Amino acid sequence: MATAAAPQVAFSAPVSSDHGARSCGIKGNNNLSFSSKYWLGATLAWESKAVRPSHANKVLCMSVQQASKSKVAVAPLYLENAKEPPLNTYKPKDPYTATIVSVERLVGPKAPGETCHVVIDHGGNVPYWEGQSYGVIPPGENPKKPGAPHNVRLYSIASTRYGDKFDGKTATLCVRRAVYYDSETGKEDPSKNGICSNFLCNSKPGDKIQLTGPSGKIMLLPEDDPNATHIMIATGTGVAPFRGYLRRMFMEDVPNYRFGGLAWLFLGVANSDTLLYDEEFTSYLKQYPDNFRYDKALSREQKNRSGGKMYVQDKIEEYSDEIFKLLDGGAHIYFCGLKGMMPGIQDTLKKVAEQRGESWDQKLSQLKKNKQWHVEVY
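As the structure is a computational prediction, the values presented were derived from the model and not from experiment.

Draft legend 1. A look at the sheet that holds strand E7 (residues 133–137). A sheet is described by the order of its strands in space; here six strands give the open sequence E8-E7-E10-E5-E6-E9, paired in antiparallel fashion. Looking at strand neighbours, the two that pair on one side only are strand E8 (153–156) and strand E9 (170–176), the edges of this open sheet. Along the sheet, successive strands turn relative to each other by an average axial angle of 40 degrees, direction set aside. Summarising the sheet, strand E5 (residues 96–105) and strand E6 (residues 115–121) pair through six bridges and their orientation is antiparallel. Residue pairing across strands places Thr-99 opposite Asp-121, the latter belonging to E6.

Next comes the structure, spelled out in C-alpha cells:
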C-alpha cells in the first residue's frame, strides 16, 4: 500500500479498492480526497446509516476509512528501528517550538465540560512511542516565580508514533478544558481556570507551542507477543494512550507489528455526549470482533447491578471472572485517568479476589513482578 501524503490541509492517499470515503470527494478510481477534517484518521464503518453524526458539533472521523480489514500505510518506517523509546529529547530549559495544526471539540452539547482534540506538528523532530507523554509549557509568566516560565504540564499522547496524518510529523493530545466555578456564586472564575488546558483548547492553527519530552515508560505497549491480551481501563481523557494503542493494532499497516491478540477497552464517562473517539472504537468492533471488545460505563445514563450509577469499576466487577482468568493467563492491564479512579477499582478487584479465595495483595504483587500492571493517573 502506498505511503500517506505529505502534510497539507487537504491531501490524497492511494488506498486499496475496498476503502470507502466519508464526507470526502472521490478523486480518480482509487484515491480519496480528504477535507480539512483529515486528522481524526481512518475509522468508521461505511454503511450509509452509520454516517450521520449524532451531534452537529461533535467531531467526526473524516479521513481514510477501513473496510474489509484493510489498513492505512504509514511512514517513515525507520521509526520502528529504535530498540529503546526516545526519552526527554527536549527538556524544560530548552523546549521544542512546535505548531498547532488544529483544535476541534470532541464532545457533544450535553457533555459536562469541553474536551478538545489538539493536533500538533513537531516536524518529525520530537518522536515518541505509543503510551508516552509530552510536556507543554504554556505561554506567560509563572505567578509563583516572577520572571520564570510556567511549569511543565504533562499530557498523554493520543496518537501513534506516526500521528493522525500517518507521516511521523504530528502528535495528538486529548485535552479537557479545566474551568473553575465559584461554589457560592456558581459563576466561572477565569482567574482560577487551568492555564495550560485553556491555552491548548483556545489555540488556533499556526499558533506556536513549547514542547518537552517525550517521557514515560510505564504505559509503553509491550509488543514482544503480538497475540497478547491487553485490558485497558480509562476514565475521560485517560483514553488518550489507548487510542494510540488501538490505532496501531487495528488501523495502521505496520509491517513488524501484526496484532492478533485481544484488546479490551473499558471507558468511563458521564454520558453518551462525553464519549471520546467512540466512532473509531465502534469501527474496530465491527471490523475485528474477535480481537476487540469495548465496554462503556456512562455514570449519568446507566445503572449498576445495585441500582446506583454505573462507574468503570462496576463494569470491571461485571466481567471480573473473565478478567481474572485473562490476567492469570498473562494479560496486561492498564489504567489511565484521574487518580480518583484507582481506589474504587482497587476495592472492586480486592473484593473479587476474596470472593475467588485469593489474596489481592499477593496477586497484585505478582502482576507487578510480571510487568502486567500499568498505571498512569493524574
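So that's the structure; there's more coming.
Draft legend 2. Focus on the sheet that holds strand E14 (residues 292–298). The parallel open sheet is built from five strands, whose spatial order is E14-E13-E11-E15-E16. Since the sheet does not close on itself, it has two edges, and those belong to E14 and strand E16 (373–377), each with one partner. Between one strand axis and the next, the sheet turns through 10 degrees on average, direction left out of account. Here strand E11 (residues 229–235) pairs with strand E13 (residues 262–269) via seven bridges, running parallel. Among the inter-strand pairings, His-230 is bridged to a residue of E13, identified as Ala-263. The sheet strands contacting helix H2 (residues 240–251) are E11, E13, E14 and strand E15 (332–337), and the helix crosses E11 at an angle near 145 degrees.

Draft legend 3. Region of interest: the state of the cysteines. Evaluated as defined, the whole model comprises zero disulfides. Looking at the unpaired Cys-116, the closest cysteine sulfur is the one in Cys-201, lying at 3.5 Å.

Draft legend 4. Examining the packing of aromatic side chains more closely. A full pass over the atoms with the stated rule returns 20 aromatic pairs. Between the aromatic rings of Tyr-245 and Tyr-334, the centroid separation amounts to 5.3 Å while the plane-to-plane angle is 65 degrees, which identifies the pairing as edge-to-face. On the criterion of sequence distance, the pair formed by Tyr-245 in helix H2 and Tyr-334 in strand E15 is long-range, its members being 89 residues apart. One exposure class covers both Tyr-245 and Tyr-334, and it is buried.

Draft legend 5. Region of interest: the pairing of E5. Where E5 meets strand E10 (residues 208–215), four bridges bridge the pair, whose relative direction is antiparallel. Each bridged residue has a counterpart across the sheet, and for Ala-98 the counterpart in E10 is Ile-209.

Draft legend 6. Seen up close, unusual backbone geometry. Here the bond from Ala-75 into Pro-76 is cis, since omega is -5 degrees, no more than 30 degrees from zero. Within the fold, Pro-76 resides in the loop between strand E4 (72–73) and E5. Along the chain, Gly-213 connects to Pro-214 via a cis peptide bond; the corresponding omega equals 5 degrees. By the secondary structure assignment, Pro-214 is in strand E10. The backbone of Asn-88 shows a phi angle near 50 degrees, a positive value even though the residue is not glycine. For Asn-88, the location among the structural elements is in the loop between E4 and E5. Of the residues examined, Asn-88 reaches a relative accessible area of 38% and is grouped as partly exposed. Positive phi outside glycine occurs at Lys-371, with the angle close to 60 degrees.

Draft legend 7. Inspection of a positive patch on the surface at higher detail. Positive charge collects at one region of the surface, where Arg-176, Arg-300, Lys-303 and Lys-309 lie side by side. For Arg-176, the location among the structural elements is in strand E9.

Draft legend 8. Layout of helix H3 (residues 278–287). The complete set of buried residues in H3 reads Asp-278, Glu-280, Phe-281, Ser-283, Tyr-284 and Gln-287. For H3, the elements touching its buried residues are H2, E13 and E14.

What counts and how
Residues numbered from 1 in each chain as written. Predicted model: local features only at pLDDT ≥ 70, side-chain atom pairs only at ≥ 80, totals over all residues. Heavy atoms only, no water. Pairing = 2+ DSSP bridges. Helix = DSSP H or I, 4+ residues; strand = E, 2+ residues; numbered from the N terminus. Axes fitted to C-alpha atoms, helices over the stretch in contact; angles between N-to-C directions. Contact = heavy atoms within 4.5 Å. Disulfide = S-S within 2.5 Å. Phe/Tyr/Trp six-rings, centres within 6.5 Å; stacked < 30°, edge-to-face > 60°. Buried < 20%, exposed > 50% of the residue type's maximum accessible area, 1.4 Å probe, protein only. Patch = residues over 30% accessible without salt bridge, like charges linked within 9 Å, V, L, I, M, F, W, Y side chains within 5 Å. Areas by Shrake-Rupley, 256 points an atom, 1.4 Å probe, with all protein chains shown as cover. Salt bridge = Lys/Arg side-chain N within 4 Å of Asp/Glu carboxyl O. Lys, Arg positive; Asp, Glu negative; His and termini not counted. Charge placed at Lys NZ, Arg CZ, Asp CG, Glu CD.

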